[in-house]
Amino acid sequence: MGPAGNEKGPCELKQLFVDYRDATAACPVAVARSGRGVDELGDRLDTYGFAVAQMPGDLSPQDAIDFLAEAWSLGAPYVPALYRLPGAEQFNRPYADIRANDAADHPGFAVRSAQEFHVDGTLDGPGAVPVVIMYCVRPAVRGGESLLLNAIGVFHALRETDPAAAAVLTRPTVLRRSSTLRGVEAYTDGPAFVVTDDGGIVNRYSDVPSTTTWIAPAGEEDALARALAFIRQESGSDGRYRVSVRLAAGECLVVRNDRVSHARQGYEDTAAHPRQLLRATFGTSPR
Ligand SMILES: [Fe+2]
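Report on the accompanying structure. (Residues numbered from 1 in each chain as written. Predicted model: local features only at pLDDT ≥ 70, side-chain atom pairs only at ≥ 80, totals over all residues. Heavy atoms only, no water.)

## Quick word on the sheet that holds strand β8 (residues 175-178)
1) Next: Pairing in this open sheet of three strands is antiparallel, and the strands run β9-β8-β12 from one edge to the other. In the strand order of this sheet, the two ends are held by β9 (187-190) and β12 (212-214), each with one partner. Taking each pair of neighbouring strands and ignoring which way they run, the sheet shows an average axis angle of 20°.
2) Next: As paired elements, β8 and β9 share four bridges and run antiparallel to each other. Counted as the bridge partner of Ser 178 is Tyr 187 from β9. (Pairing = 2+ DSSP bridges. Helix = DSSP H or I, 4+ residues; strand = E, 2+ residues; numbered from the N terminus. Axes fitted to C-alpha atoms, helices over the stretch in contact; angles between N-to-C directions.)

The structure is reproduced here in structure tokens:
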């Protein structure tokens, strides 16, 4: 079934068939204060599940995020469930400052190492955090690329070739995601992908060794192993389903967290030029 026959299907359908090697996929869209560029950015986001915006230079990082949130009626930033738990108070903020800090506690934000593919919202259910916006204040001196995985595209490809393997990923407790924040013990079990009644696919695919436990239902161990081998193969290097993006200062990466998983390369920076991102997550889809 191709996209042409599914005009009435869910809007993320286009994304199932795109190729992340397309030159336009990660090409920044210039956004002006007048709103010029916002529609094109939205089209990119719809098509690829992510988009890169070059924001007006006179907007502060937070204003740049708010500008896009307002343009798409995303509402106020949503604080992920993990950060609302007792013990996580220091992270309970609408805008997260992401930079290495040798004295800080956050297992993902405060370190320079690579991060494997995941969706934001460790403890949130599938689709609870549909949008993530990351504004680049300052890139790393070396490395630090953001990686995007067309997760629902990979899932669709898998179900075309090995439906039994794809089906395991939709089991209600196949994927456990656990907090690794010090002093916060919590986890959420759920599917890696949800197929909705109208044929849509919701992504929760995360494969970070420290926070992810795959739990195969009895008798489906082989099918899960095949599913993970397929996705890890497709996400292991840039290609049809994976692209690397190096954000420049003043650029925003907008991600449909309910369709695309993201990761990060390790990086090097210096005290004088620390890599710095400002991130906000949203509980509403763009309108
Ligand atoms: Fe993330």
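## Let's talk about the packing of aromatic side chains
1) Next: Evaluation of the coordinates by the stated rule reveals seven aromatic pairs.
2) Next: Aromatic pair Phe 155 and Phe 193: ring centres 4.6 Å apart, planes at 25°, arrangement stacked. In this pair, Phe 155 is assigned in helix α3 (residues 151-161) and Phe 193 in strand β10 (residues 193-195), connecting sequence segments 38 residues apart. Here Phe 155 and Phe 193 have matching classes, each one buried.
3) Next: Ring geometry for Phe 193 and Tyr 205: centres 6.3 Å apart, planes at 15°, overall stacked. Remark: Tyr 205 occurs in the loop between β11 (201-203) and β12 and Phe 193 occurs in strand β10; sequence separation between them is 12 residues. (Phe/Tyr/Trp six-rings, centres within 6.5 Å; stacked < 30°, edge-to-face > 60°. Buried < 20%, exposed > 50% of the residue type's maximum accessible area, 1.4 Å probe, protein only.)

## Section: the state of the cysteines
1) Next: The full count for this structure, using the stated rule, is zero disulfides.
2) Next: No disulfide involves Cys 27; its sulfur sits 16 Å from the nearest other cysteine sulfur, which is in Cys 252.
3) Next: Unpaired in this structure, Cys 252 has its nearest cysteine sulfur neighbour in Cys 136, at a distance of 9.4 Å.
4) Next: Cys 252 gets classed as buried once you look at its relative accessible area, which sits at 0%. (Disulfide = S-S within 2.5 Å.)

## Notes on the layout of surface pockets
1) Next: Quantified by volume, the largest pocket comes out at close to 590 Å³.
2) Next: Surrounding the largest pocket, 36 residues form its lining, His 106, Gly 108, Phe 109, Gln 115 and His 118 being those nearest its centre.
3) Next: Within the residue set of the lining of the largest pocket, elements represented by two or more residues are β4 (115-118), β8, β15 (261-264) and β17 (276-282).
4) Next: Grouping the amino acids of the lining of the largest pocket by side-chain chemistry returns 16 nonpolar, 14 polar and six charged. (1 Å grid on protein atoms, 1.4 Å probe; cavity = no way out; pocket = protein on both sides within 12 Å on 5 of 7 lines; lining within 4 Å. Points joined across faces, edges and corners; volume = space filled by probe spheres on them. Nonpolar A, V, L, I, M, F, W, Y, C, P; charged D, E, K, R; others polar.)

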